Amino acid sequence: MVKILLKSTGRRYKPFGSTTFKKEAAAGVEPDACFYIENYQLMIGRRRIEPNDPAPDLAIEADVTSKTTIDAYKAIGVPEVWIYNGKTLTIHLLQNNNYIKSDTSPTFPNIAITQIIPTIVERSWQVGHFQALEEFETMIGI
């Protein structure tokens, strides 16, 4: 869905999927998906993350079996983290080295992400992934 949203807004990106990020003397984190948007050009051609690479702009955790602590992302400095718990989507924004919850995504400021994403995920259980994504594209005007 993020790829569809980025395409619909005409922005280029580099996805890194589920990648482990570590900083020296800090615990590592492994989001279920992550995206470089502002720094995508730096990451083109990369197959792995190097220690001095910037943090991804957006990380996504699907916390169905384990509970991710948002503080684990502070050491990495990911500006925006989405956590989906199987029912709701929470957006966390890094501000002054602390995460705050937000109702909107600065990456997609004009889209009701916290309502749309859970609805489409639930819809995919009812009609299948392909049809749910088609409906999503129609919903956002692609």
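Residues numbered from 1 in each chain as written. Predicted model: local features only at pLDDT ≥ 70, side-chain atom pairs only at ≥ 80, totals over all residues. Heavy atoms only, no water.

Draft legend 1. Inspection of the overall build of the protein at higher detail. Scanning the protein for helices and strands turns up four helices and six strands. From first element to last, N terminus to C terminus, the protein shows the α and β order α-β-β-α-β-β-β-β-α-α. Computed over C-alpha atoms, the radius of gyration of the protein comes to 15 Å, within 12% of the 14 Å expected from 2.2 N^0.38 for 142 residues, which places it in the range of a compact globule. Seen through its principal axes, the protein has C-alpha atoms that stretch 45 × 30 × 25 Å. (Helix = DSSP H or I, 4+ residues; strand = E, 2+ residues; numbered from the N terminus. Rg over C-alpha atoms; globule rule 2.2 N^0.38 Å.)

Draft legend 2. Spotlight on the packing of aromatic side chains. Tallying each qualifying case throughout the model produces three aromatic pairs. For the ring pair tyrosine 13 and phenylalanine 35, a centre distance of 6.1 Å and an interplane angle of 65° mean the geometry is edge-to-face. Here tyrosine 13, found in the loop between helix H1 (2-8) and strand E1 (14-15), pairs with phenylalanine 35, found in strand E2 (residues 33-36); they are 22 residues apart in sequence, far enough to count as distant. By relative accessible area, tyrosine 13 is classed as partly exposed at 27%. Lysine 14 extends its terminal NZ or CZ atom over the ring of phenylalanine 16, reaching a point 5.3 Å from the ring centre. (Phe/Tyr/Trp six-rings, centres within 6.5 Å; stacked < 30°, edge-to-face > 60°. Buried < 20%, exposed > 50% of the residue type's maximum accessible area, 1.4 Å probe, protein only. Lys NZ or Arg CZ within 6 Å of the ring centre and 35° of its normal.)

Draft legend 3. Layout of the pattern of salt bridges. Within this structure, the stated rule accounts for three salt bridges. As a salt-bridge pair, aspartate 53 and arginine 46 come within 2.6 Å of each other at their nearest N and O atoms. By relative accessible area, which is 10% here, aspartate 53 ends up buried. Arginine 123 serves as the salt-bridge partner of glutamate 135, at 2.7 Å between the closest nitrogen and oxygen. Linking glutamate 135 in helix H4 (residues 129-140) with arginine 123 in helix H3 (residues 113-127), this pair joins segments that are twelve residues apart in sequence. (Salt bridge = Lys/Arg side-chain N within 4 Å of Asp/Glu carboxyl O.)

Draft legend 4. A look at H4. Taking 1.5 Å as the rise per residue, H4 with twelve residues should run 16 Å; its terminal C-alpha atoms sit 17 Å apart, in good agreement. Looking at the residues trailing H4, positive phi occurs at glycine 141, about 90°. (Expected span 1.5 Å × (residues − 1).)

Draft legend 5. Geometry of the nonpolar core. The biggest cluster of nonpolar side chains holds 21 residues, and the ones touching the most others in it are Val2, Phe35, Trp82, Phe108 and Ile113. Of all the elements in the fold, those that place two or more residues in this core are H1, strand E3 (58-62), strand E4 (80-84), strand E5 (89-95), H3 and H4. Not counting residues within four places of it along the chain, the set of residues in contact with tryptophan 82 comprises Val2, Leu58, Ala59, Ile60, Glu61, Leu89, Thr90, Ile91, Ser105, Phe108 and Ile113. Grouped together as the second largest cluster of nonpolar side chains are 17 residues, Phe21, Ala55, Ala59 and Ile70 included. (Core = buried A, V, L, I, M, F, W, Y, C linked by side-chain atoms within 4.5 Å. Contact = heavy atoms within 4.5 Å.)

Draft legend 6. Structural detail: the sheet that holds strand E6 (residues 98-102). Sheet architecture is open: six strands sit in the order E1-E2-E3-E4-E5-E6, paired in mixed fashion. In this open sheet, the two edge strands, each paired with only one partner strand, are E1 and E6. Sheet analysis places E1 next to E2, joined by two bridges and oriented antiparallel. Bridged to proline 15 within E2 is phenylalanine 35. Those strands touched by H3 are E4 and E5, and its axis lies near 140° from that of E5. (Pairing = 2+ DSSP bridges. Axes fitted to C-alpha atoms, helices over the stretch in contact; angles between N-to-C directions.)

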